[in-house]
Amino acid sequence: MELKGRKSKQRVGELLAAEDFRTSLEILAAYPPRQSVNFLLSFFYHSEEVIRWRAIAAFGRVVAELADDNRESARVVMRRLMWNLNDESGGIGWGSPEAMGEVMARHAGLAGEFSRILRSYVRPDENFLEHEMLQRGVLWGIGRLAQIRPEALPETDCYLRPFLKSQDACHRGFAAWALGNLHSRDAAADLENLKDDSSEILFFHDLALSTVSVGSLAQIALLIIREAAPEPGTSSIEH
């Protein structure tokens, strides 16, 4: 199967909008990656949140599989995402940090090469992103990578904890989720303070977009932290 021309972009859009997105994802993954990557990138700017997030998920799957076949081609794609976040690009890299996190969650090799770049976007002494909307994407991307490969993000939690006190609810929620996935015991007290935060945000998880409260993400984070490293004299929480 090939993707060429305007009708192909329309077809990709239809697959992203389909009710059964898991089936769509398998179809998208069957297209030649070099063709589908560009189409999926264009949907990072879509006005509908669910389409945008599904494009990011599909992009992660496609680039991870590309890396298995041609690592250098996948590196070029990752560098393109990095360029989109560079001031010199002349644009705003909507979806780029989320896509970086999604790709690396799916591919250990690329995580080994590029995780420090994603982390640098929350470090004031490195490539800190000032744009609040892009900060949301970085926090989610770090959380997604940490969900699968927390070892790829050493010494990251200290840069995330300030976001727990942000005026932006997405910052607080995504940072809480990321800190939970990083098993950050140091963040536990701040997460406790967020347990009753009723602010609602859109959260993409397990290929689905839903509305959740910041407090619920903080509670999930605390559960993950406690199960990962129980305090002395306590047992792991059972499901």
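Read on for a plain summary of the structure.

Calculation notes
- Residues numbered from 1 in each chain as written.
- Predicted model: local features only at pLDDT ≥ 70, side-chain atom pairs only at ≥ 80, totals over all residues.
- Heavy atoms only, no water.
- Helix = DSSP H or I, 4+ residues; strand = E, 2+ residues; numbered from the N terminus.
- Buried < 20%, exposed > 50% of the residue type's maximum accessible area, 1.4 Å probe, protein only.
- Contact = heavy atoms within 4.5 Å.
- Core = buried A, V, L, I, M, F, W, Y, C linked by side-chain atoms within 4.5 Å.
- Phe/Tyr/Trp six-rings, centres within 6.5 Å; stacked < 30°, edge-to-face > 60°.
- Lys NZ or Arg CZ within 6 Å of the ring centre and 35° of its normal.
- Polar contact = N/O pair within 3.5 Å; in protein donor to acceptor, adjacent residues only side chain to side chain.
- Salt bridge = Lys/Arg side-chain N within 4 Å of Asp/Glu carboxyl O.

Overview of the environment of P97
Phase 1: Of note, P97 is situated in helix 6 (residues 96-106).
Phase 2: Residue classification places P97 among the buried positions, given a relative accessible area of 0%.
Phase 3: Sequence separation between P97 and L139 is 42 residues, and the spatial gap between their C-alpha atoms is 8.4 Å.
Phase 4: For P97, the contacting residues outside a window of four places in its chain are L85, L118, L134, G137, V138 and G141.

Comments concerning the nonpolar core
Phase 1: Judged by nonpolar contacts, the single largest core of 76 residues is most densely connected at L16, F59, M100 and L191.
Phase 2: By residue number, the principal contributor to this core is helix 4 (residues 49-69), which donates 11 residues.
Phase 3: With residues up to four places along the chain from it excluded, the contact list for M100 reads M78, L81, M82, L85, I117, L118 and Y121.

Observations regarding the packing of aromatic side chains
Phase 1: All told, the structure shown has 7 aromatic pairs when counted by the stated rule.
Phase 2: The interplanar angle of 15° and the centroid separation of 5.5 Å between the aromatic rings of W53 and F204 together place this pair among those described as stacked. Placement of the pair is W53 in helix 4 and F204 in strand 1 (residues 200-205), with a sequence separation of 151 residues. Neither residue differs from the other here; W53 and F204 are each classed as buried.
Phase 3: Seen from the ring of W53, R52 lies directly overhead, with NZ or CZ sitting 5.0 Å from the centre.

Details of the side chain of E102
Phase 1: Of note, E102 is situated in helix 6.
Phase 2: At a separation of 2.8 Å, a polar atom in the side chain of E102 contacts the side chain of R144.

Considerations on the pattern of salt bridges
Phase 1: What the rule picks out here adds up to 19 salt bridges.
Phase 2: Residues E65 and R61 are paired through a salt bridge, measuring 2.5 Å at the closest nitrogen-oxygen approach. Within this pair, E65 and its partner R61 are both found in helix 4, separated by 4 residues, close to a single helical turn.
Phase 3: Given a relative accessible area of 31%, E65 falls into the partly exposed group.
Phase 4: The partner of E102 in a salt bridge is R106, and the shortest N-O contact between them spans 2.9 Å. Of this pair, E102 and R106 both sit in helix 6, 4 residues apart, roughly one helical turn.
Phase 5: By relative accessible area, E102 is classed as buried at 3%.

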